[in-house]
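Each chain is listed here by its residues.
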Amino acid sequence: MQITSMVAIYFLMWAFSVFLVLPFGVKTADEAGVERIPGQAESAPAAFSPRRFLLRTTMVATIMFALFMLNYEFGWVRAETFDFFGGMKPVE
């Protein structure tokens, strides 16, 4: 696999990881016990730490990418794995 393909796949996994990580560790103002600012939504986070968020997202994306590359190298899960109707022929 070319390096440009690996970078693109890592970027896609990182972007997907954003949505996996975003809801974890978030506390609303009511849960954190702080007063809301006038006009603030009830569901808005009380405090947001971009550094922690980026670190968590990068860690999840790196683990997902490592599993993807291991599967690419060793072929644990292939397209034939999901062929439930027998229409595909194995790749040799």
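Here the structure is a predicted model, which is why all the values come from computation and not from measurement.

Cut-offs used in this document
- Residue positions are given per chain, counting from 1 as you read along its sequence in written order.
- Per-residue local features of the predicted model are confined to residues with pLDDT of at least 70, and side-chain atom pairs are confined, for both listing and counting, to 80 or more; whole-chain, interface and lining totals are unaffected and use all residues.
- Only hydrogens and water are set aside; all other atoms, that is, all heavy atoms of the structure, feed into the side-chain values.
- Only runs of H or I of at least four residues qualify as helices and only runs of E of at least two qualify as strands under DSSP, and these elements are numbered from the N terminus.
- Each aromatic pair joins two rings of Phe, Tyr and Trp (for Trp, the six-membered one) with centres within 6.5 Å, and gets the label stacked for planes under 30 degrees apart, edge-to-face for over 60, and tilted for any other angle.
- Grouping into patches uses exposed residues only, defined as over 30% relative accessible area, and leaves out salt-bridged ones; the cut-off is 9 Å for like charges and 5 Å for nonpolar side chains (Val, Leu, Ile, Met, Phe, Trp, Tyr).
- For accessible areas, the Shrake-Rupley method is used with a probe of radius 1.4 Å. Any residue's cover is judged against the shown protein chains and nothing else.
- Salt-bridge detection follows one rule: a side-chain nitrogen of Lys or Arg within 4 Å of a carboxyl oxygen of Asp or Glu.
- Burial classes: relative accessible area under 20% of the type maximum marks a residue as buried, over 50% as exposed, and values in between as partly exposed (1.4 Å probe, protein chains only).
- By this rule the span expected of a helix is its residue count minus one, scaled by 1.5 Å.
- Residues are treated as being in contact if the distance between any of their heavy atoms lies within 4.5 Å.
- Fitted lines through C-alpha atoms give the axes, limited to the stretch in contact for helices. The angle between two N-to-C directions lies from 0 to 180 degrees.
- Orientation categories follow fixed angle ranges, with anything under 35 degrees roughly parallel, anything over 145 roughly antiparallel, 65 to 115 roughly perpendicular, and all other angles oblique.
- Should the near helix be turned anticlockwise from the far one by less than a right angle, the crossing is left-handed, and should it be turned clockwise, the crossing is right-handed.
- Residues are grouped as follows: Ala, Val, Leu, Ile, Met, Phe, Trp, Tyr, Cys and Pro are nonpolar; Asp, Glu, Lys and Arg are charged; all remaining types, including Gly, are polar.
- Along the chain, pLDDT gives the predictor's confidence residue by residue, from 0 to 100.

1. Observations concerning the environment of Ala79
Then step 1. If you trace the backbone, Ala79 turns up in the segment after helix H3 (50–74).
Then step 2. On a C-alpha basis, the gap between Ala79 and Gly25 in space is 36 Å, while along the polypeptide they are 54 residues apart.

2. Some points on the packing of aromatic side chains
Aromatic ring pairs are defined here through the distance separating the ring centres and the angle between the ring planes.
Then step 1. Scanning the model with the defined rule gives 4 aromatic pairs in all.
Then step 2. Through successive ring pairs, a cluster of aromatic residues spans Tyr10, Phe65 and Phe68.

3. Some details on a nonpolar patch on the surface
Then step 1. On the surface, Ile63, Leu67, Leu70, Phe74, Trp76, Val77, Phe82, Phe84 and Phe85 cluster together into a nonpolar patch covering about 1100 Å² of accessible area.
Then step 2. Of note, Phe84 is situated in the segment after H3.
Then step 3. Phe84 gets classed as exposed once you look at its relative accessible area, which sits at 65%.

4. Quick look at H3
Then step 1. An ideal rise of 1.5 Å per residue puts 36 Å on 25 residues; H3 measures up with 36 Å between its terminal C-alpha atoms.
Then step 2. Listed in full, the buried residues belonging to H3 are Phe53, Thr57, Ala61 and Phe65.
Then step 3. Considering only its buried residues, H3 is in contact with helix H1 (3–21).
Then step 4. The positive-phi residue at the C-terminal boundary of H3 is Gly75, with phi of around 65°.

5. Focus: the packing of H1 against H3
Then step 1. Remark: H1 packs on H3, axes separated minimally by 8 Å, with the N-to-C direction vectors making an angle of 130°. The angle between H1 and H3 places the two elements in the oblique class. Note on packing geometry: the crossing formed by H1 with H3 is right-handed. For the pair formed by H1 and H3, the contact residues are Met6, Ile9, Tyr10, Met13, Trp14, Phe16, Ser17, Val18, Leu20 and Val21 on the first element and Phe53, Leu54, Arg56, Thr57, Thr58, Val60, Ala61, Thr62, Met64, Phe65, Phe68 and Met69 on the second.
Then step 2. Grouping the amino acids of the contact of H1 with H3 by side-chain chemistry returns 17 nonpolar, 4 polar and 1 charged.

6. A word on the confidence of the model for the protein
Then step 1. On average, residues of the protein carry a pLDDT of 87, and 93% of them reach 70 or more.
Then step 2. The spread of mean pLDDT over the elements of the protein runs between helix H2 (residues 29–32), the lowest at 83, and H1, the highest at 96.

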